[in-house]
Amino acid sequence: MESEQQSAVSTPALSRNRHLLDEVLGEADIRINGDRPWDLQLHRAEALDEIVARHSLGLGETYMRGDWDVPALDQFFYRILRTDLTRHIKPWRHAVRILRSYLVNLQSRSRAFEVGERHYDLGNEFYSAMLDRRLTYSCGYWREAETLEQAQTDKLDLICRKLGLKPGMRLLDIGCGWGSLVSYAAEHYGVECVGVTVSKAQCDYIREHYRDLPITVHLQDYRSLNQSFDRIASVGMFEHVGHKNHRAFMRVARRCLKKDGLLLLHTIGKNQRRSTTDPWIEKYIFPNGELPSAGQIGDAANNLLVCEDLHNFGSDYDRTLMAWHRNFEEHWPRFSGQYGQRFYRMWRYYLLSCAGAFRARHIQLWQWIFSERLEGGVQRVS
């Protein structure tokens, strides 16, 4: 095998690409065919051409095909992003994608349900095996937790306490997932809950599992909301809104929020205002997704809502993703026949590359609290 690989890389183009990747990866202390957990093990030499030519998309697609492996993918991506190897990508390579994002509303009403159909409707049984008991598909809060179950329960309770929920209040959850927040809030804080989602599987799940709780769920786009609520939460949904619709989202929140109400916005965020979604993530995991920057969120709320509090616990997402990955690996034999090896490699790449990105502080996790100029503000809850 080794002699075949050596002969395969003897052509001038492959030799140049091998030398280029050796040099670039060396900055992050990653070796091709090295013996450490974060080193890249090359199985098909021609994959080097694709990686050099197509960068992130080439890296992800060659991995999905089995052209290379890394025993500890999370460490591999941590080193790449911590060293900022993305700076080697020429700016013009993203020019078309950046221009497209500004000219086309990739998160329009007509596209709103695409991510639900392609990602969240994969199967409730699959997500039940990977997530916690309530199927909470967002960052856990690990301040005092030792298990995924406790981290997600603590996160849900943190949200409820930040919102100051009291019996009799009405809570709207924009992008309610499988109902983790609305079920917890209804059970533990005695509130009436309304959830909206673009996933039919999630909608059906909530109606089946929480029929005895004061919860109403709708399969609809957030832009059509027009009811009044004491509190509004949006947990892990704003990443699908897109910069062209940030202001529209805040207008909906302002329209639906009572004068003394609060909005909690829980979202992944990026460090740079003008940057594009990773092309592999957009193509295979979250179609039309776009992470907001803090500045973009601030712009969207400008003169509509007041930021009362901002809490960053992005490093907790690394631990959450690693817990999801352990569950995924443990239960994969149940699903291998249904989803296949290509899906396995795709999902492993998704979970571990994201863990590495949060570990490198390349992306963040924020909880914002907004009000409509609440007198006296709010007290910080942690």
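Cut-offs and rules
Residues numbered from 1 in each chain as written. Predicted model: local features only at pLDDT ≥ 70, side-chain atom pairs only at ≥ 80, totals over all residues. Heavy atoms only, no water. Helix = DSSP H or I, 4+ residues; strand = E, 2+ residues; numbered from the N terminus. Buried < 20%, exposed > 50% of the residue type's maximum accessible area, 1.4 Å probe, protein only. Contact = heavy atoms within 4.5 Å. Areas by Shrake-Rupley, 256 points an atom, 1.4 Å probe, with all protein chains shown as cover. Pairing = 2+ DSSP bridges. Right-handed = clockwise from strand over helix to strand, strands pointing away. Phe/Tyr/Trp six-rings, centres within 6.5 Å; stacked < 30°, edge-to-face > 60°. Lys NZ or Arg CZ within 6 Å of the ring centre and 35° of its normal. Salt bridge = Lys/Arg side-chain N within 4 Å of Asp/Glu carboxyl O. Polar contact = N/O pair within 3.5 Å; in protein donor to acceptor, adjacent residues only side chain to side chain. Disulfide = S-S within 2.5 Å. Core = buried A, V, L, I, M, F, W, Y, C linked by side-chain atoms within 4.5 Å. Axes fitted to C-alpha atoms, helices over the stretch in contact; angles between N-to-C directions. pLDDT = per-residue confidence, 0-100. Arc of directions from axis to C-beta.

1. Some thoughts on the overall build of the chain
Piece 1. Across its full length, the chain holds 14 helices and 9 strands.
Piece 2. Expressed as a percentage of its 382 residues, the buried residues of the chain come to 57%.
Piece 3. Here the analysis covers contacts within the chain between residues at least 6 apart in sequence; of these, 74% occur between residues at least 24 apart.
Piece 4. Put simply, the chain shows about 16900 Å² of open surface, and 50% of that area lies on carbon and sulfur atoms.

2. Focus: the pairing of strand β5 (residues 215-219)
Piece 1. As paired elements, strand β4 (residues 192-197) and β5 share 5 bridges and run parallel to each other. Residue pairing for β5: Thr197 is matched across the bridge by Leu219.
Piece 2. Handedness of the crossover is the feature at issue here: the chain leaves β4, passes through helix α10 (residues 200-209), returns alongside β5, and the resulting connection is right-handed.

3. Remarks on the packing of aromatic side chains
Piece 1. Taken as a whole, this structure holds 36 aromatic pairs when the rule is applied.
Piece 2. Here Arg79 stacks its cationic end above the ring of Trp38, 3.8 Å away from the centre of that ring.
Piece 3. The lysine or arginine in question, Arg345, covers the ring of Tyr63, its NZ or CZ lying 4.0 Å from the ring centre.

4. So, the pattern of salt bridges
Piece 1. Counted under the stated rule, the structure contains 27 salt bridges.
Piece 2. Residue Arg170 is joined to Glu192 by a salt bridge in which the shortest nitrogen-to-oxygen separation is 3.6 Å. Here Arg170 is found in strand β3 (residues 170-174), whereas its partner Glu192 is found in strand β4, with 22 residues between them in sequence.
Piece 3. A relative accessible area of 37% means that Glu192 is categorised as partly exposed.
Piece 4. Each of the salt bridges in this network shares a partner with another, and the network as a whole consists of Arg44, Glu50, Arg54, Glu61, Arg65, Asp67 and Lys283.

5. A closer look at the environment of Ser382
Piece 1. For Ser382, the location among the structural elements is in the segment after β9 (363-371).
Piece 2. Non-local contacts of Ser382, meaning those with residues more than four positions away in its chain, are made with Tyr141, Arg143, Leu158 and Arg161.
Piece 3. A distance of 2.8 Å separates the side chain of Ser382 from the side chain of Arg143, its partner in a polar contact.

6. Re the state of the cysteines
Piece 1. For the coordinates displayed, the defined rule picks out 0 disulfides.
Piece 2. Take Cys176: it sits in no disulfide, and the sulfur closest to it among the cysteines is that of Cys203, at 7.2 Å.

7. Things to note about the nonpolar core
Side chains of nonpolar character tend, in soluble globular proteins, to be buried together.
Piece 1. Membership of the largest hydrophobic core comes to 101 residues, with the highest contact counts inside it found for Trp68, Phe76, Tyr137, Trp280, Trp347 and Tyr350.
Piece 2. Counting residues per element, this core draws most heavily on helix α14 (residues 315-359), which supplies 21 residues.

8. Considerations on the sheet that holds β4
Strands in a sheet are paired, the pairing made by backbone hydrogen bonds, and the direction either parallel or antiparallel.
Piece 1. The strand order across the open sheet built from 7 strands is β5-β4-β3-β6-β7-β9-β8, with neighbouring strands paired in mixed fashion. Bordering the open sheet on either side are β5 and β8 (306-312), each of which pairs with just one other strand. Here the average twist between neighbouring strands, direction ignored, is 15°.
Piece 2. Bridge count for strand β6 (residues 229-235) against strand β7 (residues 257-270) is 6 bridges, and the pairing is parallel. Its bridge partner lying in β7, Phe229 is registered against Leu257.
Piece 3. Contacts from α10 reach β4 and β5, with the element oriented near 160° to β5.

9. With respect to the pairing of β4
Piece 1. β4 sits mainly inside the fold: 5 of its 6 residues count as buried.
Piece 2. In terms of strand pairing, β3 meets β4 through 5 bridges, oriented parallel. Bridge pairing links Ile174 to Val196 in β4.
Piece 3. In this fold, the crossover linking β3 to β4 by way of helix α9 (residues 180-189) has right-handed handedness.

10. Overview of the confidence of the model for the chain
Piece 1. Averaged over all residues, the pLDDT of the chain is 88; the fraction at 70 or higher stands at 87%.
Piece 2. The low-confidence segment residues 1-9 (pLDDT under 50) makes 11 contacts with residues lying over four places distant or belonging to another chain.
Piece 3. A low-confidence stretch, residues 90-108 (pLDDT under 50), is modelled with 37 contacts involving residues beyond four sequence positions or located in other chains.

11. With respect to the environment of Ala151
Piece 1. For Ala151, the position within the fold is in helix α8 (residues 148-163).
Piece 2. If near-sequence neighbours (up to four positions away) are discounted, Ala151 is found in contact with Gly140, Tyr141, Trp142 and Ala145.

12. Remarks on helix α13 (residues 294-301)
Piece 1. Every buried residue of α13 is accounted for by Gln296, Ile297, Ala300 and Ala301. Buried residues of α13 fall within an arc of 130° about the axis and therefore sit on the same side.
Piece 2. Where α13 terminates, the next one or two residues include Asn303, which has phi positive at roughly 65°.

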